[in-house]
Amino acid sequence: MCATCGCSGTIGGETVAAVAGEVGRDLHLREDDEAIGHAHDQVHTDDQVHAHVDDRTHPRAVKSKHAHLHKHAREHGHAHEHEHEHEHEHAQEHEHEHAHVHKHAHEHDEQEHAHDHGRVRAEGTAARTLQLEKEILGKNQLLAERNRGWLQGREIFAVNLMSSPGSGKTTLLERTIRDLAKQASVSVIEGDQETRLDAERIRAAGARVVQINTGTGCHLDAQMLGRALNELAPAPGSFLFIENVGNLVCPALFDLGEGARVVIASTTEGEDKPLKYPHMFRAAELILLNKVDLLPHLSFDVTRFVAHVRLVNPAAKVVRVSATCGDGLPEWYEWLAERGASVRRTA
Amino acid sequence: MHELSICQGIVDSVCEAVPGGEVLVVTVEIGRLSGVVPDAVRFCFDACTRGTRVEGARLEVVDVPGRGRCGTCERELDVDELVARCPCGNPFLEILRGRELRIRSVEVN
């Protein structure tokens, strides 16, 4: 048990394995000797206030009744007398009875500076390091999984459509909505930086739609999709198309919780797109090569394009389509029907 | 500029994980195959931290080199790009390392 505050057992869910230091200077340690919780890192007498490295209170009252953080000039190691007013934040609720502008004078022995806050860095500054090991995109991932569960529970097959601007995503969607109208319920979430133009086109084609304007954002994220799902409330067992912001870079990193990722490339772009944007093509389950009706007028080499896709993503299926002329669309619809059915089987 | 979102993610996570005090240094690992450009993250960092407890902190980026394994000859090799070919000719490498996007630690006062 800690002689200063009486802590024992667990702190913040972690087991206190040992207490190091001496009375009044206790440090709580985990089994691996990592300091946890708070340190009583100041020798203090009488009613002098003391510093904590975090915002924890004492289970057993010590003489001073409050926990606070205060900042000291970091470089010291010498005897000094000082008076200071310090700003402090009370990180938790507690009772205290004292005037808040208080001065306290410490007298320190030369060798014992009272403020050796926990760990002292080589250059003499007082700080401590917290190992976080957290995924930067962890929060997005969590929300994406929540969306995925939401969709699966309703047997909705959600397709995240990604491409560069001008590849024909919206035209392909318009056509798809019209062609699927008889056999399936389709709704759309439209992502664009600005305007509702695409949403209007989709609505005119006969699907329910929610437009997300990302403003300066260059991609949709799981939180945006979550909000859009609530607003759109797509029908159980339906198809949901998410038209991501036209961009082959950023959307690749953000899982939305979709059932599949589809990349649309077009014959008016270069055959080397898969090599230039490998993250995007690698994450796709299906790649639609659009505007194949224009091939006679272009120097686009389909074989080279497919070979480049294979280098980045050997497993991806490539389907050649023309959203305006209808080439290849049956194969696209077949893929949708098959994948949609698999969602219903696993739900 | 997905680096802006990446930066926002760093700031949010740090604020959530560190209950109080002044954040001095944030150390992140960015893999060379992660699709995130460290310089762009550095560029966004000050803007994202403004008005938060992370304001004024230093961002340290640990570069994580790429490493891949060839499924054909089982060789492991360093790779700097997602599309890499093994000397044996196999263009499909399993990526073992280099996709990291992780907050390693923070130094607080």
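For the structure, see preceding data.
Here is a short report on the structure shown in this document. (Residues numbered from 1 in each chain as written. Chains lettered and ligands numbered in written order. Predicted model: local features only at pLDDT ≥ 70, side-chain atom pairs only at ≥ 80, totals over all residues.)

**Observations regarding the overall build of chain B**
- The helix and strand tally for chain B stands at 2 helices and 6 strands.
- In chain B, the succession of helices and strands from N to C terminus is α-β-α-β-β-β-β-β.
- Taking all 109 residues of chain B together, the buried fraction comes to 40%.
- Considering only contacts within chain B whose residues lie at least 6 apart along the sequence, 72% involve residues at least 24 apart. (Helix = DSSP H or I, 4+ residues; strand = E, 2+ residues; numbered from the N terminus. Buried ≥ 20, exposed ≤ 12 C-beta atoms within 10 Å, placed from the backbone. Contact = placed C-beta atoms within 7 Å.)

**Section: the sheet that holds strand β5 (residues 93-97) of chain B**
All names here are of chain B.
- Reading across from one edge, β4-β3-β5 is the order of the 3 strands in this open sheet, with antiparallel pairing throughout. Both edges of this open sheet fall to β4 (76-79) and β5, since each of them pairs with a single strand only. The sheet shows a mean angle of 40° between the axes of neighbouring strands, taken without regard to direction.
- For strand β3 (residues 66-70) and β4, the ladder comprises 4 bridges, and the chain directions are antiparallel. Pairing of Gly66 across the sheet is with Val79, part of β4. (Pairing = 2+ DSSP bridges. Axes fitted to C-alpha atoms, helices over the stretch in contact; angles between N-to-C directions.)

**Remarks on the interface of chain A and chain B**
- Opposite the 34 residues of chain A that make contact, chain B presents 29 residues.
- In terms of residue class, the side of chain A that touches chain B is made up of 18 nonpolar, 5 polar and 11 charged.
- As judged from the 6 bridges shared by strand β8 (residues 128-135) of chain A and strand β6 (residues 101-108) of chain B, these two strands associate in the antiparallel manner. Bridging from a neighbouring strand, A:Glu135 pairs with B:Arg102 of β6(B). (Nonpolar A, V, L, I, M, F, W, Y, C, P; charged D, E, K, R; others polar.)

**Concerning the environment of A:Glu231**
All names here are of chain A.
- With respect to the element layout, Glu231 can be found in helix α4 (residues 222-232).
- For Glu231, a count of 11 C-beta atoms within 10 Å translates into the label exposed.
- On a C-alpha basis, the gap between Glu231 and Val209 in space is 9.6 Å, while along the polypeptide they are 22 residues apart.

**Things to note about the pairing of strand β9 (residues 157-163) of chain A**
Residue and element names in this part refer to chain A.
- Judged by how many residues are buried, β9 sits mostly within the fold: 7 of 7 residues are covered.
- Covered by surrounding structure in β9 are Phe157, Val159, Leu161 and Ser163 together with Ala158, Asn160 and Met162, the residues of both alternating faces.
- Sheet topology note: the β9/strand β13 (residues 260-266) ladder contains 5 bridges and is parallel. The partner of Met162 across the bridge, within β13, is Val263.

**Focus: the pairing of strand β15 (residues 317-320) of chain A**
Residues and elements named next belong to chain A.
- Direction of pairing for strand β14 (residues 286-290) relative to β15: parallel, over a ladder of 4 bridges. Bridge pairing in β15 places Ile287 opposite Val318.
- One crossover worth recording links β14 to the parallel β15 by way of helix α7 (residues 302-312), and it is right-handed. (Right-handed = clockwise from strand over helix to strand, strands pointing away.)

**Remarks on the environment of A:Asn247**
Residues and elements named next belong to chain A.
- In this fold, Asn247 is placed in the loop between β12 (239-243) and β13.
- By the C-beta count within 10 Å, which is 22 here, Asn247 ends up buried.
- For the pair Asn247 and Pro165, spaced 82 residues apart in sequence, the C-alpha to C-alpha distance is 6.4 Å.
- With residues near it in sequence (within four places) discarded, Asn247 still touches Ser164, Cys218 and His219.

**Examining helix α8 (residues 329-346) of chain A**
- Taking 1.5 Å per residue as the helical rise, α8(A) with its 18 residues ought to reach 26 Å, and the 26 Å between its terminal C-alpha atoms agrees with that figure.
- In the core, the buried residues of α8(A) are packed alongside β9, β12, β14 and β15 of chain A. (Expected span 1.5 Å × (residues − 1).)

**A short note on the sheet that holds strand β1 (residues 23-31) of chain B**
- One open sheet holds the 4 strands; their spatial order is β8(A)-β6(B)-β1(B)-β2(B), and the pairing between them is mixed. On the outer flanks of this sheet lie β8 of chain A together with β2 (58-64) of chain B, each paired with one strand and no other. If you compare each strand with its neighbour and ignore which way they point, the axes differ by 20° on average.
- Examined bridge by bridge, β1(B) and β2(B) share 7 bridges and lie parallel to one another.

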